[in-house]
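# Architecture and fold: a report
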Amino acid sequence: MAGVFSVYPEIVHVIARRSADVRSIRDLKGKRVVLGAPGSGAEQNALQVLKAHGIRETDLRTTQPIGRTAAFDQLKAGTVDAVFVSTALGSPLIADAMTSGKLTLVGIGDSAGDALRRSYPFYTVEKIPANSYPGLEHDVTSAGVMAILVARSSVADELVYSLTKAVFDNLPQFQSSHPAARHLTLHTALQRDGAAAPPGRRAILSAKRHRAIGARRRLAHSWPSRPEIADQEELS
């Protein structure tokens, strides 16, 4: 497998019941928490965020090994105090749950975010802006992991080139298709911690980026007609 380009950050959302008085991650000690489905990326994100705050799984009162839909059902019912969900900004599931006014988003804190990046370089520090969800009146700092479009190594470079070209030639349309897609830019597309793409695929994005910055013309007019021409561009 090889990374093609990064699409958007999967942000770690920590949603807690207001009645549980969870104002920081450290307040989760002794609470009933859903970390995510067993073996899922969300579960690993949750454990790593807890570790960055010096919290072990055994410090929690209980943990529920269930998926996100069941987790929100239990959160609404009051049988758990908080849930970890790794998802794109603007998740309809979270937005629906937040309309009750009984839930709050808990930030991870800037220092913990920096600690996460030192231990796991694939993390990014993200802001969940105020008003992203009902009742969210202030920005919340959290952690994110870039969602990456990947392809089998056997896939022809020309096919990957055509797909990538189609996305970036129609970027405004792509960005309007989903709130998470608004994060995709030439800059973020090249953020591929841990995903080494072949030089030909990197050349496609590099050529497009250099032409967009240097010529300041429409992206569709800046692409070379053949992938092999893109390969000759200087990589950065």
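Presented here is an overview of the structure given in this document. All values derive from a computational prediction rather than experimental measurement. (Residues numbered from 1 in each chain as written. Predicted model: local features only at pLDDT ≥ 70, side-chain atom pairs only at ≥ 80, totals over all residues. Heavy atoms only, no water.)

Moving on, we get to the nonpolar core. Of all hydrophobic cores here, the largest spans 21 residues; its most connected members are Ile25, Leu28, Leu50 and Phe84. Listing elements by their share of this core, those giving two or more residues are β1 (2-17), α1 (41-52) and β4 (82-87). Those residues in contact with Phe84 that sit more than four places away from it in its chain are Val12, His13, Val14, Leu28, Val33, Val34, Leu35, Ala46, Val49 and Leu50. One finds Val80, Leu89, Tyr133 and Leu136 within the second-largest nonpolar core, a separate group that totals 20 residues. (Core = buried A, V, L, I, M, F, W, Y, C linked by side-chain atoms within 4.5 Å. Buried < 20%, exposed > 50% of the residue type's maximum accessible area, 1.4 Å probe, protein only. Helix = DSSP H or I, 4+ residues; strand = E, 2+ residues; numbered from the N terminus. Contact = heavy atoms within 4.5 Å.)

Our focus in this paragraph is helix α5 (residues 157-169). Counted at 1.5 Å a residue, the expected span for α5 with its 13 residues is 18 Å, and the 18 Å between its end C-alpha atoms agrees. Three or more residues of α5 are buried, namely Val160, Tyr161, Thr164, Val167, Phe168 and Asp169. (Expected span 1.5 Å × (residues − 1).)

For the rest of this paragraph, the subject is the pairing of β1. Where burial is concerned, most of β1 is hidden: 14 out of the 16 residues are buried. With eight bridges connecting them, β1 and strand β7 (residues 140-151) associate as antiparallel partners. Bridge pairing in β7 places Ile11 opposite Gly144. Relative to β4, β1 runs antiparallel, the two being bridged by six bridges. Paired with His13 across the bridge in β4 is Val85. Sheet topology places β1 next to strand β5 (residues 103-105); three bridges connect them, and they run antiparallel. Bridging across to β5, Arg17 finds its partner in Leu103. (Pairing = 2+ DSSP bridges.)

Attention shifts here to helix α4 (residues 110-119). Buried residues of α4: Ala112, Gly113, Ala115 and Leu116, and no others. Taken down its axis, α4 places every buried residue within 160° of arc, on the same side. Facing away from the buried surface of α4 by more than 90 degrees, the exposed residues are Ser111 and Arg118. Against the buried residues of α4 lie α1, β6 (123-128) and β7. (Arc of directions from axis to C-beta.)

The phi angle at Asp21 is positive, at roughly 55°, despite the residue not being glycine. On the secondary structure map, Asp21 appears in the loop between β1 and β2 (32-34). Of the residues examined, Asp21 reaches a relative accessible area of 45% and is grouped as partly exposed. You will see that Asn131, though not glycine, has its phi angle at about 75°, which is positive. Within the fold, Asn131 resides in the loop between β6 and β7. For Asn131, a relative accessible area of 67% corresponds to the exposed category.

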